[in-house]
Amino acid sequence: MALIVLAADKGAPGVTTAATALAAVWPRPVLLAECDPAGGDLAYRLPAASGGVLNPGRGLLTLGATARRGLEPAQIHQHTQKVVGGLDVLLGLMHGEQAAGLTWLWGPLGRSLAAIPNADVIADCGRLGAHPQLGDLIAEAEHVLLLTRATLDHVAHLRERLSITKAHGVVVIADPRNYRSSVDDVRRIVGQAVQYVHGLAYDPKGAELLRGQWGGRLDRSLLIRTARDLASRLAVGPR
Ligand SMILES: Nc1ncnc2c1ncn2[C@@H]1O[C@H](COP(=O)(O)OP(=O)(O)O)[C@@H](O)[C@H]1O
Ligand SMILES: [Mg+2]
């Protein structure tokens with residue numbers, strides 16, 4: 001089904017948090033895939049569905065070790081784990097150095113993720129720029145979303161990035177106190193280069209809850225409420 005890529009140009013606007021929030025509320029079966037060449041974070045942020053800890057060694061690294069001879073979409077699930085709430089996750093690399101030997105992986109991985117028959121895939125691609133081969137994965141996506149904070153420096157870098165990386169949409173991590181105007185400001189600056197500009201709440205409490213046990217309070221957080229709105233705009237139409 002659909003591959004949805006989330007990435008950023010500079011800084012840490014909250015790509016992993018946004019990818020996790022979107023996957024948590026996605027209206028169809030979904031796999032959250034950590035494809036950040038700098039390494040994954042979720043093994044240390046989320047408990048396993050069993051209540052124990054995730055195995056940080058099982059994920060992109062084990063997939064890469066077996067995929068040299070070819071990668072079929074059906075193989076992916078042999079390397080995923082279930083986190084709290086039942087969400088399937090493909091954990092990322094343990095550190096950035098591991099990406100050096102896996103530059104060949106991004107293209108085949110993108111093709112396989114886009115071809116998983118019974119689930120959409122939300123891929124956290126981290127910061128763009130340092131790993132050009134990641135473009136081979138991004139090229140397979142139905143939606144490429146670039147995240148940004150609403151500050152001028154972030155948006156200026158984003159505008160430059162959009163001349164290099166073709167994206168479908170921009171997601172502004174926007175302060176709830178001036179949510180609409182922040183999203184509108186960014187839309188004025190980069191709106192020509194993409195099909196849509198949406199918002200996602202800047203919500204430190206919600207972001208913190210998303211790193212823990214995913215309780216009932218999380219469901220009412222602004223982060224999750226705006227993620228639900230974003231998911232409904234992206235996951236349109238029956239599959
Ligand atoms: N929407 C948000 N609102 C408030 N804080 C956030 C949000 N997204 C991320 N954060 C915080 O910012 C920091 C970086 O988040 P992370 O998702 O790891 O960013 P990235 O993947 O872009 O490096 C974390 O401390 C996280 O809790
Ligand atoms: Mg990240």
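Enquirer: Explanation requested: the pairing of strand 8 (residues 196-201) in the structure shown.
Expert: As a general feature of sheets, a regular strand has side chains that alternate between the two faces. Both strand 7 (residues 169-174) and strand 8 contribute to a ladder of six bridges, which runs parallel. Bridge pairing links glycine 169 to tyrosine 196 in strand 8. In this fold, the crossover linking strand 7 to strand 8 by way of helix 7 (residues 179-190) has right-handed handedness.

Enquirer: Mind showing me how you'd approach the pairing of strand 7 here?
Expert: In terms of burial, strand 7 is largely enclosed, as five of its six residues are buried. Note that the unit made of strand 6 (residues 143-149), helix 6 (residues 152-162) and strand 7 has a crossover that is right-handed.

Enquirer: In this structure, what is going on with the site of ligand 1? I would like to understand it.
Expert: The environment of ligand 1 is made up of 16 residues, and the closest members are Ala12, Gly14, Thr16, Thr17 and Ala207. Of all the elements in the fold, those that place two or more residues in the shell around ligand 1 are helix 1 (15-25), strand 8 and helix 8 (204-209). Here the element with the most residues in the shell around ligand 1 is helix 1; it accounts for three residues.

Enquirer: Explain the nonpolar core here, please?
Expert: Note on soluble globular proteins: their nonpolar side chains tend to be buried together. In terms of nonpolar packing, the biggest core is built from 77 residues, with Ile4, Val5, Leu6, Val121, Ile122 and Ala123 touching the most fellow members. The biggest single contributor to this core is helix 1, with seven residues. Beyond its immediate chain neighbours, meaning those up to four positions away, isoleucine 122 contacts Ile4, Leu6, Ala19, Leu22, Ala23, Trp26, Val30, Leu32 and Ala33.

Enquirer: I keep staring at the environment of glycine 70 and nothing clicks. Help me out?
Expert: By secondary structure assignment, the location of glycine 70 is in the loop between helix 3 (60-66) and strand 3 (81-82). Since 9 C-beta atoms lie within 10 Å of it, glycine 70 is described here as exposed. The spacing of glycine 70 and leucine 109 is 39 residues in sequence and 9.8 Å in space, taken between C-alpha atoms.

Enquirer: Would you mind going over the packing of helix 1 against helix 10 (residues 222-234) with me for this structure?
Expert: It is at 9 Å that the axes of helix 1 and helix 10 come closest, and there the two elements cross at 70 degrees. Classed by the angle they form, the pair helix 1 and helix 10 counts as roughly perpendicular. In this structure, helix 1 meets helix 10 at a crossing whose hand is right-handed. On helix 10, the residues that touch Ala21, Leu22, Ala24 and Val25 of helix 1 are Leu223, Ile224, Ala227, Arg228, Leu230 and Ala231.

Definitions and cut-offs
- Numbers given to residues run from 1 along each chain, matching the order in which its sequence is written.
- Chains and ligands are labelled by the order in which they are written, letters from A for the one and numbers from 1 for the other.
- In keeping with the model being predicted, local features are shown solely for residues with a pLDDT of at least 70 and side-chain atom pairs are shown and tallied solely at 80 or more, while totals for entire chains, interfaces and linings include all residues.
- Note: two strands are recorded as paired if DSSP finds a minimum of 2 bridges between them.
- A run of H or I in DSSP becomes a helix once it reaches four residues, and a run of E becomes a strand once it reaches two; helices and strands are each numbered from the N terminus.
- A clockwise path from the first strand over the helix to the second, with the strands pointing away from the viewer, defines a right-handed crossover.
- Buried means a residue has 20 or more other C-beta atoms within 10 Å of its own C-beta, exposed means 12 or fewer, and partly exposed covers the counts in between; C-beta atoms are placed from the backbone.
- All residues are tested the same way: a C-beta atom is placed from the backbone, and lying within 6 Å of a molecule or strand makes the residue near it.
- By convention in this section, buried Ala, Val, Leu, Ile, Met, Phe, Trp, Tyr and Cys residues joined through C-beta atoms within 7 Å make up a nonpolar core.
- A pair of residues counts as a contact when their C-beta atoms, built from backbone coordinates, are within 7 Å of each other.
- Think of each axis as a best-fit line through the C-alpha atoms, taken over the contacting stretch in the case of a helix, with angles from 0 to 180 degrees between the N-to-C directions.
- Throughout, the term roughly parallel applies to angles under 35 degrees, roughly antiparallel to angles over 145, roughly perpendicular to angles from 65 to 115, and oblique to all others.
- Should the near helix be turned anticlockwise from the far one by less than a right angle, the crossing is left-handed, and should it be turned clockwise, the crossing is right-handed.

Interpretation in functional terms is not warranted from these geometric data alone.
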